[in-house]
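Descriptive analysis of the structure
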Amino acid sequence: MPHEVLLDVSDLPPPEPLEQTLDAAEALKPGQYLRMLHRRDPCMLFGNLDNNHFNYFQRPGLTSAVEVFIWRENDTEAETAVQLIIGEAIDTSR
Amino acid sequence: MRADLSLQQAPPFSVPARFLVSAPFFGLLAALILLWYGPEMISHRWSPEVLAVTHFLTLGFLTMSMLGAMMQLMPVLMGMVFPRAVLFSGIIHTPLFAGILCLGLAWLMQIDLLFIVALVLLGFSFSLFIVLTADRLLRSANRHATRSMMLLALLALFFTTCLGIYLAMGHGTETVPLARQLTDLHLSWGLLGWVLLLISAVAYQVVPMFQITDEYPVIVQRWLGWLIFIALLSLSLTYLWPLEIVKTISTIVLASCLLTFALSTLWLLHKRRRLLADITMRFWQLAMSCLLLLTSVWGIATLIHADLPAFLLGVLMIHGFAMSTINGMMYKIIPFIIWLHLSVHNKNLRGRGERSSQVNVPHMRKIIPEAAALWQFRFHLLSLVLLLLATIWPLWFFYPAALLFAIAQAFLLFNLLKSVRFYNKKLAELSTFI
């Protein structure tokens, strides 16, 4: 089973990026992470991810302005997969 | 299964709604005054009816909706929280609403005491809003250009208010002389400072977000607001030290800023990623075209020393640019906050394991139907064209223009009230379970 679930919301108007990202995050299976591509900082996403027990990491994207990696709290397999991609340890102590 | 939504810092629905719904009420009132008094009222610039209509539009429509939009957007876009938002918005909205009515009635009925009541109410409302909002903005960790632009806009509102209070005292008391020479400065700070600065500050965020465009160029975001503000300050100083060269340079800078903002917005919209046009985009395009036309007409008339019809630039700026922009943004802001609040209420039910009690939250585009918004846009556009013609041939076009303007404002009020009713209905369905 591939680790990555890719979701490109770059061309969607609000609130579709938020809705689709939360839907896709909820559908993640153990070991999977979501790689969400967006044209701008998702201003209401992170608080919602916190409330729903997801971890995340945002960085400038390669093909989009922003990319956000999202995985379930305590899913160490998914977190390790994200670490391998971004090449650094992730601070999830928010 | 869906993850839950949270309101984050978004204020309760009633906070922005009371301001946004009040705006077309004043727009309609202005249109009815035009119809009642007829074309004679625009025979000269200083007629009391013209001053009443102008303030119903600039304070009642523009400022009213801009304060409501700020209270909604600042928490969501910039992470700032207004403490006790419902109480705060009530304390701002009530004297603002009453103050605008008193100011208009003071001119229409020629009651001096009403000027004093109006300036106390408006002075209180604006001072409180400016102080508390500036305090929140200064404390905010957000460093987006929108923050500094909003601070400059608030400062411009402060200067506009001070000049306005002084002018109103000239109307309402015998101890203070009526300083008509300050009127142009008052309207420059109001329209080019407060209105233009705030609209551009918000545009930097909402145009890329809702119209799916690239970001505004960094140089525009960083410097445009400062240039406008400095040019307005320089213009103000020429009232104390009349230096023609400073006045000329300031005017050129202001005109260049208007052109830059209008052209960059039109360019972004032209190059948008999503080709599907929505109603808000039509309003943006109309508003920016008016800004271009305004600047061109103003520039050409200044160069060739031609006299323009007295109200041409005012109609282009207030109705064509500012009201079009705000009207368009209302069709995004209201459906978005209704969607957000209903989704959060649904979430509360899910959190309590009562999924069967959830209400159906429609897509944002369905909350105010596209067809209703499109018809309202058509009436708005037609009223603008007729109002422009009425500034040149008032006897032919004044009444049709005023009638179309009244229909456009009544239609907007109807669309907004219908969406609020829809929200209340859904909320009532939910309340039986929450």
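Residues numbered from 1 in each chain as written. Chains lettered and ligands numbered in written order. Predicted model: local features only at pLDDT ≥ 70, side-chain atom pairs only at ≥ 80, totals over all residues. Heavy atoms only, no water.

**A closer look at the overall build of chain B**
When helices and strands are tallied, chain B shows 13 helices and zero strands. Ordering the α and β elements of chain B from the N terminus gives α-α-α-α-α-α-α-α-α-α-α-α-α. By its C-alpha atoms, chain B is 70 × 45 × 45 Å across when sized along the principal axes. Partitioning the contacts of chain B with sequence separation of at least 6, the portion at a separation of at least 24 is 79%. By element, 69% of the accessible surface of chain B is carried by carbon and sulfur atoms, the whole surface being about 18,400 Å². Separation between the mean location of the 28 positive side-chain charges and that of the 15 negative ones in chain B comes to 14 Å. (Helix = DSSP H or I, 4+ residues; strand = E, 2+ residues; numbered from the N terminus. Contact = heavy atoms within 4.5 Å. Areas by Shrake-Rupley, 256 points an atom, 1.4 Å probe, with all protein chains shown as cover. Lys, Arg positive; Asp, Glu negative; His and termini not counted. Charge placed at Lys NZ, Arg CZ, Asp CG, Glu CD.)

**Re the overall build of chain A**
Looking only at helices and strands, one finds three helices and four strands in chain A. The helix and strand sequence of chain A, counted from the amino end, reads β-α-β-α-β-β-α. If one aligns the C-alpha atoms of chain A with their principal axes, the spans along those axes are about 35 × 30 × 25 Å. Here chain A holds 94 residues, and 55% of them are scored as buried. In chain A, the share of contacts with a sequence separation of at least 24, taken over all contacts with a separation of at least 6, comes to 60%. Looking at chain A as shown, the accessible area adds up to about 4,400 Å², and 52% of this sits on carbon and sulfur atoms. Taking the average location of the 7 positive side-chain charges in chain A and that of its 16 negative ones, the two points are 3 Å from each other. (Buried < 20%, exposed > 50% of the residue type's maximum accessible area, 1.4 Å probe, protein only.)

**Some thoughts on unusual backbone geometry**
Backbone geometry follows two general trends: most residues other than glycine have a negative phi, and most peptide bonds adopt the trans configuration. Here the residue pair P14 of chain A and P15 of chain A is connected by a cis peptide bond, since its omega of 5° sits within 30 degrees of zero. Residue position: P15 of chain A is located in the loop between strand 1 (4-8) and helix 1 (16-26). Of note in this structure, Q110 of chain B is not a glycine but carries a positive phi near 55°. Position of Q110 of chain B relative to the elements: it lies in the loop between helix 3 (85-109) and helix 4 (112-139). Non-glycine residue I212 of chain B carries a positive phi angle of around 55°. Following the sequence through the fold, I212 of chain B ends up in the loop between helix 6 (183-211) and helix 7 (218-240). What makes I212 of chain B buried here is its relative accessible area of 1%.

**Points about the interface of chain B and chain A**
Across the contact, 23 residues belong to chain B and 21 residues belong to chain A. With both sides pooled, the region where chain B packs onto chain A buries about 2,100 Å², and carbon together with sulfur makes up 55% of that total. Across the contact surface, chain B and chain A share two salt bridges. Two residues, E215 of chain B and R40 of chain A, come together in a salt bridge whose shortest N-O distance is 3.1 Å. On inspection of chain B and its partner chain A, the count reaches seven residue pairs in polar contact (both at pLDDT 80 or more). With four residues, helix 6 of chain B is the single largest residue contributor to the side of chain B that touches chain A. Taken together, the residues that form the side of chain B that touches chain A break down as 13 nonpolar, five polar and five charged. (Buried area = accessible area lost by both parts, 1.4 Å probe. Salt bridge = Lys/Arg side-chain N within 4 Å of Asp/Glu carboxyl O. Polar contact = N/O pair within 3.5 Å; in protein donor to acceptor, adjacent residues only side chain to side chain. Nonpolar A, V, L, I, M, F, W, Y, C, P; charged D, E, K, R; others polar.)

**Regarding the pairing of strand 1 of chain A**
Where strand 1 of chain A lies against strand 2 (residues 33-38) of chain A, five bridges are found, and the strand directions are parallel. From the neighbouring strand, E4 of chain A faces strand 2 of chain A, where its bridge partner is Y33 of chain A. (Pairing = 2+ DSSP bridges.)

**Let's talk about the confidence of the model for chain A**
On average, residues of chain A score 88 in pLDDT, and 91% of them are at 70 or above. Per-element mean pLDDT across chain A ranges from 85 in helix 2 (residues 45-51) of chain A up to 96 in strand 2 of chain A. (pLDDT = per-residue confidence, 0-100.)

**What to know about the packing of aromatic side chains**
Residue and element names in this part refer to chain B. Across all of its chains, the model carries 25 aromatic pairs over all chains by this definition. Consider the rings of F158 and F159, whose centres lie 5.9 Å apart with planes at 55°: the pair is tilted. On the basis of relative accessible area, F158 is assigned to the partly exposed category, the value being 40%. One Lys or Arg, R378, reaches over the ring of W375 and ends 4.7 Å from the middle of that ring. (Phe/Tyr/Trp six-rings, centres within 6.5 Å; stacked < 30°, edge-to-face > 60°. Lys NZ or Arg CZ within 6 Å of the ring centre and 35° of its normal.)

**Notes on the confidence of the model for chain B**
In low-pLDDT segments, the atomic positions of the prediction should not be examined closely. Model confidence for chain B is summarised by a mean pLDDT of 91, while 95% of its residues fall at 70 or above. Within the model, pLDDT remains below 50 along residues 1-6 of chain B, and this stretch shows 28 contacts once partners closer than five positions in the same chain are excluded.

**Some words on the layout of surface pockets**
For the second largest pocket, the calculated volume is near 470 Å³. Taken together, 18 residues make up the lining of the second largest pocket; nearest its centre are D41 and C43 of chain A together with L77, N142 and Q205 of chain B. Secondary-structure elements contributing two or more residues to the lining of the second largest pocket are helix 2 (48-78) and helix 6 of chain B. If you tally residues by element for the lining of the second largest pocket, the top one is helix 2 of chain B, at four residues. Residue composition of the lining of the second largest pocket, by class: nine nonpolar, six polar and three charged. (1 Å grid on protein atoms, 1.4 Å probe; cavity = no way out; pocket = protein on both sides within 12 Å on 5 of 7 lines; lining within 4 Å. Points joined across faces, edges and corners; volume = space filled by probe spheres on them.)

**What to know about the pattern of salt bridges**
Residue and element names in this part refer to chain A. Under the criterion given, the structure shown has ten salt bridges over all chains. Across the pair R72 and E26 runs a salt bridge, and its minimum N-O distance is 4.0 Å. With a gap of 46 residues between them, R72 in strand 4 (residues 66-72) and E26 in helix 1 connect regions that are remote in the sequence. Exposure remark for R72: the relative accessible area of 27% places this residue in the partly exposed category. Look at E26 and you get buried, because its relative accessible area is 16%. When the shortest N-O distance is used, the salt bridge between R59 and E67 registers 2.6 Å. When its relative accessible area of 2% is taken as the criterion, E67 is described as buried.

**Focus on the sheet that holds strand 2 of chain A**
Residue and element names in this part refer to chain A. The sheet built from four strands is open, its strands ordered 1-2-4-3 with mixed pairing. Both edges of this open sheet fall to strand 1 and strand 3 (54-60), since each of them pairs with a single strand only. Put simply, the sheet's adjacent strands are angled 20° from each other on average, direction ignored. Sheet topology places strand 3 next to strand 4; seven bridges connect them, and they run antiparallel. (Axes fitted to C-alpha atoms, helices over the stretch in contact; angles between N-to-C directions.)

**As for the environment of Q221 of chain B**
Residues and elements named next belong to chain B. Mapped onto the fold, Q221 is located in helix 7. Given a relative accessible area of 10%, Q221 falls into the buried group. Here the alpha-carbon distance between Q221 and L403, two residues 182 residues apart in the chain, equals 39 Å. The contact partners of Q221, leaving out residues within four places of it in the chain, are H144, A145, Y204, E215 and Y216. In terms of polar contacts, Q221 uses its side chain to reach the backbone carbonyl oxygen of Y216, at 3.0 Å.

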